[in-house]
Amino acid sequence: MPRGAPVSSTATATTSFEPVAFADLPGWETDDHLAPFRAFRVSCPRLKAAARAGNGAGTIAIPTQLLAACDAAAALPEPVTRAAARAFFEREFTPHRVVHPAKQGLLTGYYEPVLEGSRTKDEKFATPIYRRPPDLVNLVHEAERGAKANQLTHARKIATGTEPYATRTEIEAGALKGQNLELLYLADPVDTFFMHIQGSGRIRLTDGSTVRVHYDGKNGHPYTSIGRYLIDTGMLAADKITMGALGRWLRADPDRGRHVMHQNASFVFFRELQGEEASGPLGVLSIPLVAGRSLAVDAGTHAIGTPVYVSSPALTHASRTKKEGGFHRLMIAHDVGSAIRGPERGDIYFGSGDKAGRLAGITKHPGHFFVLLPRAPETIEAGAKARSRQAAQ
C-alpha cells in the first residue's frame, strides 16, 4: 500500500492501489486541470478543520500528506494557470489504478433539485420535510454512512441506550407528529422522495424567496434502491429505469407509488442553510460542491479530499466536447452516499436544476478510478532537485 493511501479493514482485503504514470490516464493531457485544482483547494479548509478536530472523517484519517498538498496549493501564486494547476497535481501526487475483483466500477449521478415549497401546510403544499429530531444519534461518523450502509448508522436515544429509529413508513404514518419538526412543505411526494436521495435541495417559497436545505442525518436504516426493487419484482424492465421514467411510474398510481417508496426504509432529515453556507450545496464535512468536479465515494476506501481521475468511455452524454470520447476528468472526493459502496463506485455531482437532473437521471455507466495519492514530502523534494539539475544542464 503506497504511503498516504487510505486504508480500512474492508479495503485492504480486496483492494490494492497500483502506481501508474500520468500518461496512462486516458485524456489527462486535454483535461482542464484548473477546474479540479479550484475544487481541491475549496475543500482544504474543511479538511483542516476535520484534522484539528481529530484528524479523521470516520475510521479513515485524513492523510497528513493530503494536508501538506493543501498547503502547497495555497502557496501557488495567483492567478493560477491551467499549466500551473496541472504541474501541481503532477508534482504533489502519484496516480494509482484501483485494483479489485470486479472488472469495472459503476458511475451514477446526483444533483440539487429546485422545487416549489412553503413554510406552512396547505392544500397544495402538504408533504413535509423534517428537521433532525433531538433524540437522533449517530452510530457511525457521517463520512462512513456509505461504507457502512448495510447496518444501522443512526438510532434513537433512549434511557437504556439506543433503539432503531422509525422507518419511512412509520414516519409518514405520523411517528414524528406533534414534535414541531416540520421544516418546509413540498407539493409532490415523489419529488420529496427524490430529494431525500439527492441529500439537498433549493426551495422556492410562496413569498418569492429561495432557501437551500441540506442533509442533516437520517433515521439510520439501510438504503434500498426502489429501482432495483422494481426490476427484481418484474414491475419495470432494467433498460427502462431512469429517474424520469421512475418518477412517471410512481406518479401514475399514487397508492402503488407510495407502497414502492416505502420499500426504502431510509429517511433523511434536513437543515436550512444560512449565510455563506447557503451560497451552494454542500457535501460531507460541509465541503462546497463543484458541478462536474465533485465526486461522492466510498469513504471506507478513499479519504475525503482525495483527487480521483474518473474515466468512462461509455459516459458520452456528460462529455465536455464531442472529441473527448466519453467522460475523462479529474474530480475530488467531496461527498459520500448511502448507495455509494465499493472501491470504484462513484456518484458525479452534476449541479443544480432540471438540466443537471436530466444528466444525473440517465447516468449509470461503467467506469474506472485512478486515485491520486499524495507523495511523501521527501519524494517531492527529490523530484524538485532532479528538475533543478536538469535545468542547469
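Residues numbered from 1 in each chain as written. Predicted model: local features only at pLDDT ≥ 70, side-chain atom pairs only at ≥ 80, totals over all residues. Heavy atoms only, no water.

Asks: Help me understand unusual backbone geometry in this model?
Replies: The bulk of non-glycine residues show a negative phi, and the bulk of peptide bonds are trans. Residue Pro79 is bonded to the preceding Glu78 through a cis peptide linkage, with omega at -5 degrees. The topology assignment puts Pro79 in the loop between helix H3 (64–75) and helix H4 (82–92). Backbone geometry places Asn180, a non-glycine residue, at a positive phi of 55 degrees. Structurally, Asn180 can be placed in the loop between helix H5 (168–175) and strand S9 (182–186). Relative accessible area serves as the criterion here: at 64%, Asn180 is assigned to the exposed category. Of note, the phi angle at Ser286 is positive, near 60 degrees, even though the residue is not glycine. Assignment of secondary structure puts Ser286 in the loop between strand S12 (268–272) and strand S13 (294–296). Assessed through its relative accessible area of 22%, Ser286 is described here as partly exposed. (Helix = DSSP H or I, 4+ residues; strand = E, 2+ residues; numbered from the N terminus. Buried < 20%, exposed > 50% of the residue type's maximum accessible area, 1.4 Å probe, protein only.)

Asks: What's the story with the sheet that holds strand S8 (residues 161–163) in this structure? I'm lost.
Replies: Backbone hydrogen bonds hold the strands of a sheet together, and the pairing may be parallel or antiparallel. As summarised here, the arrangement of the three strands in space is S6-S7-S8, forming an open sheet in which the pairing is antiparallel. Two strands in the sheet have a free side with no partner beyond their single neighbour: strand S6 (136–138) and S8. Averaged over all adjacent pairs, the angle separating strand axes in this sheet is 55 degrees, with direction ignored. Bridging between strand S7 (residues 154–158) and S8 involves three bridges; their strand directions are antiparallel. Paired with Lys157 across the strands is Thr162, a residue of S8. (Pairing = 2+ DSSP bridges. Axes fitted to C-alpha atoms, helices over the stretch in contact; angles between N-to-C directions.)

Asks: What's the story with the pattern of salt bridges in this structure? I'm lost.
Replies: Once their charged atoms are close, side chains differing in charge can pair, the charge on each being opposite to the other. In the structure shown here, the tally under the stated rule is 20 salt bridges. In this structure, Asp188 engages Arg251 in a salt bridge whose closest nitrogen and oxygen atoms are separated by 2.7 Å. Here Arg251 lies in helix H8 (residues 243–252) and Asp188 lies in the loop between S9 and helix H6 (189–198), a separation of 63 residues in the sequence. With a relative accessible area of 18%, Asp188 lands in the buried category. Residue Arg251 is classed as partly exposed on the basis of its relative accessible area, which comes to 37%. Note that Arg228 is salt-bridged to Asp232, the shortest N-O span being 3.4 Å. (Salt bridge = Lys/Arg side-chain N within 4 Å of Asp/Glu carboxyl O.)

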